[in-house]
Amino acid sequence: MRTFDYVRATDTREAVRLLADDPEAACLAGGTTQLDLMKDGVLEPPRLIDITRLPLHGVERRGDSLHVGALVTMEELAADATVAERLPVVREALLLGASVQLRNMATIGGNLLQRTRCRYFRDPTVPECNKRAPGSGCAAVRGVARMHAVLGAGERCIALHASDLAVALVALDAVVHVQGPERSRGIPLTEFYLTADDSPERENVLEHAELITEVEIPLPPPDTRSGYLKVRDRTSYEFALTSAAVLLLVAGGTIRRARVGLGGVGTKPWRAYEAEHVLTGAPATTATFLDAAEATMRDAWTVPGTEFKVPLARRTLVRELQTVSGVIP
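The sections below set out a description of the structure shown in this document. (Residues numbered from 1 in each chain as written. Predicted model: local features only at pLDDT ≥ 70, side-chain atom pairs only at ≥ 80, totals over all residues. Heavy atoms only, no water.)

1. Section: the overall build of the protein chain
Logical step 1: Of the regular secondary structure elements, the protein chain holds 13 helices and twelve strands.
Logical step 2: Expected size for 329 residues packed as a compact globule is a radius of gyration near 20 Å; at 20 Å, the protein chain falls within 12% of this value.
Logical step 3: Principal axes of the C-alpha set define a box for the protein chain whose edges measure 60 × 50 × 35 Å.
Logical step 4: Counting contacts in the protein chain only where the partners sit at least 6 residues apart, residues at least 24 apart contribute 64% of the total.
Logical step 5: Summed over all atoms, the accessible surface of the protein chain reaches about 14,400 Å², with 51% contributed by carbon and sulfur.
Logical step 6: Charge-centre separation for the protein chain: the mean point of 38 positive side chains lies 4 Å from the mean point of 42 negative side chains. (Helix = DSSP H or I, 4+ residues; strand = E, 2+ residues; numbered from the N terminus. Rg over C-alpha atoms; globule rule 2.2 N^0.38 Å. Contact = heavy atoms within 4.5 Å. Areas by Shrake-Rupley, 256 points an atom, 1.4 Å probe, with all protein chains shown as cover. Lys, Arg positive; Asp, Glu negative; His and termini not counted. Charge placed at Lys NZ, Arg CZ, Asp CG, Glu CD.)

Put into C-alpha cells, the structure is as follows:
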C-alpha cells in the first residue's frame, strides 16, 4: 500500500494554490487514468487534490462557440443538443472513445490530459522509457510496437496519444482555458500538445500549477458536414489503430473549407494541415481524397510493427472524406 494525502478543494483558486504549494501533487477528477497509473506504480503523487466539487461543470453556447466546463463528463457532452446538431464529429468521437461506464466518469479536462497507453511506459519494470526516465532510451522502438505512433515519432519515443475527443477538437481549432497562480490564459489545442520525439517527458505545455477550467469549441459554418471514423481491432471498447475527424464545406462540387484531424497515428492528436491544403479549393472527388491522404502520411516514421498504419491511415482518411462529402466510392 502506498500512502498519500487526500485534499478536497472547494474552489478553483484553492486548487491552484494547493498545486503550487506541492510540486509533486496531482489532481483527481474522474480518476479513470490517474488511479490506473497509481495502481501500476507509474505515478506516486504524495498528495491528491480532489477537484470534483469545483464549479467547472456545464455546457453553454455563447454566440458561435460552445464553452464546456472541464468537469463535464464525456456522456454529458455527447448528449448536448448543440453537439448533436452542429458538432457530430465531437459526438461520434465521444461515443466511440470509451464504454458507457467510463463516459459517465471521465471528464473532458481529464480526457485531454490522459497519458499514453504505451505498454512500456505503463510497466515500471521496463527500464528504457524516455517518458518515465528521460535519457534511458525507448524500449518500444525495438520491441512490439503495433499500438504506437508513426507521426511525430522518432528514436527517442513513439508513444501514441490515445484520445479520440482530442482528435476532433484539434480539427475544430478548440481552445483550452487554464487558470494558474498568476494568470489565466487560453491555449489553442493545436499548440497545447508536444510531439513525443521532441520532449518525451512532457506531453503538453501545461505548467504544474495550471488547471484546465474550460474548453472553447468554435462552431463550424452551418452548412459544414462532419464525422469521425475509428478503425480498431474490435467494435467494443478499444483504442484506435487509426482514426479520422473530418469537417467539409462543399459547394457546387468544390471543397470550400476543410479541417482534418488524425488519431491512432500521432504522438499527439494530429492536425493534418497537408491534407487540408490539398482539399481546399479542389473538387470533392476520390482522386482528391487520395492525394490528401498521401500528403498527410508522407513523413511517417515507422518501426517493425507499425508499417501497416501508413496505408491504413490513408484508407481511413479517404473513406471518411467520402462519407462526409457524400461521394460514392
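2. What to know about the environment of Thr306
Logical step 1: As for its position among the elements, Thr306 is in the loop between α12 (286–296) and α13 (309–325).
Logical step 2: In this structure, the C-alpha to C-alpha distance between Thr306 and Asn111, residues 195 residues apart in sequence, is 25 Å.
Logical step 3: Leaving out residues up to four positions away in the same chain, Thr306 has contacts with Ala145, His148 and Val150.

3. Focus on the environment of Arg115
Logical step 1: Residue position: Arg115 is located in the loop between α7 (108–112) and α8 (139–142).
Logical step 2: When residues no more than four places from it in sequence are discounted, the contact partners of Arg115 are Thr33, Leu37, Leu43, Phe121, Arg122, Lys131 and Glu203.

4. Topic: the packing of α12 against α13
Logical step 1: One way to put it is that α12 packs onto α13 with a least axis distance of 9 Å and a crossing angle of 145 degrees. For the crossing formed where α12 meets α13, the hand is right-handed. Where α12 approaches α13, its residues Thr286, Phe289, Leu290, Ala293, Glu294 and Thr296 are matched on the opposing element by Arg314, Leu317, Val318, Leu321, Gln322 and Ser325.
Logical step 2: Residues belonging to the contact of α12 with α13 are distributed by class as follows: six nonpolar, four polar and two charged. (Axes fitted to C-alpha atoms, helices over the stretch in contact; angles between N-to-C directions. Left-handed = near helix turned anticlockwise from the far one by under 90°. Nonpolar A, V, L, I, M, F, W, Y, C, P; charged D, E, K, R; others polar.)

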